[in-house]
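Inside the fold
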Amino acid sequence: MNVQWYPGHMTKAKRMMQEDIKLIDLVIELVDARLPLSSRNPDIDTLGQNKARLILLNKSDLADQRANRLWTEYFKNKGFFVLEVNSRDNTGIKNVDAIIQEACREKIERDRKRGIINRPVRAMVVGIPNVGKSTFINTYAKKACTKTGNKPGVTKGKQWIKLSKTLELLDTPGILWPKFEDKAVGLRLAFAGSINDEILNLTELTMELIKFLEESYPDTLAERYSIDYDKKDGKTLETGEITDILYKVAEKRNCVVKGGEYDIDKAAKIILEDFRKGKLGRITLELPE
């Protein structure tokens with residue numbers, strides 16, 4: 001399964017960000033904690049050169065706790081400021097102010113020496129589609145500043161948000177990059193909901209997810225859906241074996257079409273949604289090398 005998605009509005013959004021970056025002191029980049037590397041747009045590093053950089057591992061409650069620690073160390077070693085957050089329930093948000101002040105300390109000190117007092121830090125909030133930028137901003141601001149949704153592409157244009165006398169945020173649309181060179185990157189983004197589901201074969205996508213889960217989190221599906229099947233001891237499942245798992249989930253969840261046949265397409269959607277909502281447990285799709 002080869003996943004690619006780069007709608008035309010993303011080119012316009014990238015140009016807009018290139019124009020605005022000269023106004024910015026800090027780039028706040030949200031990544032999905034379940035796939036921190038795959039959910040980083042490589043263009044952001046070029047865009048954010050010579051700017052203070054903060055990476056927020058968002059949706060950290062859905063990711064493996066041990067993996068969160070590994071990724072935090074990984075990005076710190078690359079020279080980023082890093083923080084684990086969960087924008088939906090406010091976890092970690094109270095620490096954002098302090099880390100922004102730390103990241104921008106040199107800029108604030110320069111302003112002070114020039115006699116510029118209380119000029120607000122201007123931060124651009126960036127990230128791929130559906131990574132939670134708007135939810136983060138609303139939670140951080142303690143009010144609904146931006147429109148949110150559980151599908152990619154809700155934010156269409158830029159928006160300046162004045163949070164206080166010392167901080168202004170620029171919300172930007174989620175953008176991907178024109179081509180995923182690594183097939184696994186496209187799959188991980190699709191698993192997490194950062195690719196438009198309408199262009200995907202969701203049953204094939206879920207079969208790829210099952211393959212990953214059986215290799216990396218082997219008891220997850222059996223426990224969630226109370227089903228029995230032969231484990232493969234880390235070996236890659238054959239297509240027929242994955243289909244058998246889908247049939248067992250369809251049976252347990254009463255996914256039946258006209259005529260009494262089991263509906264594996266519906267079962268596949270259940271598994272995919274359960275993963276996205278964290279109902280399969282805390283799962284990380286990739287680890288640092």
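What counts as what
Residues numbered from 1 in each chain as written. Predicted model: local features only at pLDDT ≥ 70, side-chain atom pairs only at ≥ 80, totals over all residues. Heavy atoms only, no water. Helix = DSSP H or I, 4+ residues; strand = E, 2+ residues; numbered from the N terminus. Expected span 1.5 Å × (residues − 1). Buried < 20%, exposed > 50% of the residue type's maximum accessible area, 1.4 Å probe, protein only. Contact = heavy atoms within 4.5 Å. Polar contact = N/O pair within 3.5 Å; in protein donor to acceptor, adjacent residues only side chain to side chain. Salt bridge = Lys/Arg side-chain N within 4 Å of Asp/Glu carboxyl O. Pairing = 2+ DSSP bridges. Right-handed = clockwise from strand over helix to strand, strands pointing away. Phe/Tyr/Trp six-rings, centres within 6.5 Å; stacked < 30°, edge-to-face > 60°. Lys NZ or Arg CZ within 6 Å of the ring centre and 35° of its normal. Patch = residues over 30% accessible without salt bridge, like charges linked within 9 Å, V, L, I, M, F, W, Y side chains within 5 Å. Areas by Shrake-Rupley, 256 points an atom, 1.4 Å probe, with all protein chains shown as cover.

Describing helix α8 (residues 202–216)
Compared with the 21 Å implied by 1.5 Å per residue over 15 residues, the 21 Å span of α8 between its first and last C-alpha is a close match. Burial analysis of α8 places 11 of its 15 residues in the buried class, which makes it a mostly covered element. Residues of α8 that are buried include every one of Leu 202, Thr 203, Leu 205, Thr 206, Met 207, Glu 208, Leu 209, Ile 210, Phe 212, Leu 213 and Glu 214, and no others. As for α8, its buried residues are in contact with α7 (183–192), α9 (220–225), α10 (239–252) and α11 (264–276). With a side-chain oxygen lying 3.2 Å from the backbone nitrogen of Thr 203, the N-terminal cap of α8 falls on Asn 201.

Describing the pattern of salt bridges
Applying the stated criterion across every chain, the model contains 17 salt bridges. The closest approach of N and O atoms between Glu 286 and Arg 188, which form a salt bridge, is 3.0 Å. Here Glu 286 is found in the segment after α11, whereas its partner Arg 188 is found in helix α7, with 98 residues between them in sequence. Taken as a pair, Glu 286 and Arg 188 share a single burial class, namely buried. Between Glu 273 and Arg 276 there is a salt bridge; the shortest N-O distance is 3.5 Å. Highlighted residues: Glu 273 and Arg 276, both in helix α11, separated by three residues, approximately one helical turn. By sharing partners, the salt bridges in this structure join Asp 25, Lys 107, Asp 111 and Arg 119 into a single network.

Brief notes about the pairing of strand β3 (residues 81–84)
One face of the sheet, then the other: side chains in a regular strand alternate in exactly this way. As defined by bridge partners, strand β2 (residues 52–58) adjoins β3 across four bridges and the pair is classed as parallel. Paired with Leu 54 across the two strands is Phe 81, which belongs to β3. Note that the unit made of β2, helix α3 (residues 65–77) and β3 has a crossover that is right-handed.

A closer look at the environment of Asn 86
Examined against the element boundaries, Asn 86 turns out to sit in the loop between β3 and α4 (96–103). For the pair Asn 86 and Leu 169, spaced 83 residues apart in sequence, the C-alpha separation works out to 18 Å. If sequence neighbours within four positions are ignored, Asn 86 has contacts with Asn 58, Lys 59, Ser 60, Asp 61 and Thr 91. Only 3.4 Å separates the side chain of Asn 86 from the side chain of Asp 61, close enough to count as a polar contact.

Digging into the packing of aromatic side chains
Summed over all chains, the structure comprises seven aromatic pairs. Judged by centre distance (6.2 Å) and plane angle (55 degrees), the ring pair of Phe 212 and Tyr 217 falls under tilted. The burial state of Phe 212 is the same as that of Tyr 217; both residues are buried. An aromatic cluster is defined as three or more aromatic residues linked by ring pairs; in this entry it consists of Trp 71, Tyr 74, Phe 75 and Phe 80. Lying over the aromatic face of Trp 160, Arg 122 brings its terminal NZ or CZ to 4.5 Å of the ring centre.

Description of a nonpolar patch on the surface
A surface patch of nonpolar side chains, amounting to about 260 Å² of accessible area, comprises Tyr 247, Val 256 and Tyr 262. Its location among the elements puts Tyr 247 in helix α10. A relative accessible area of 37% means that Tyr 247 is categorised as partly exposed.

Quick look at unusual backbone geometry
Even without a glycine there, the phi angle at Lys 142 is positive, about 60 degrees. Here Lys 142 is to be found in the loop between α6 (133–141) and β5 (159–164). The exposure class of Lys 142 is exposed, given its relative accessible area of 76%. Unusually for a residue other than glycine, Ser 226 sits at a positive phi of about 50 degrees. Relative to the assigned elements, Ser 226 resides in the loop between α9 and α10.

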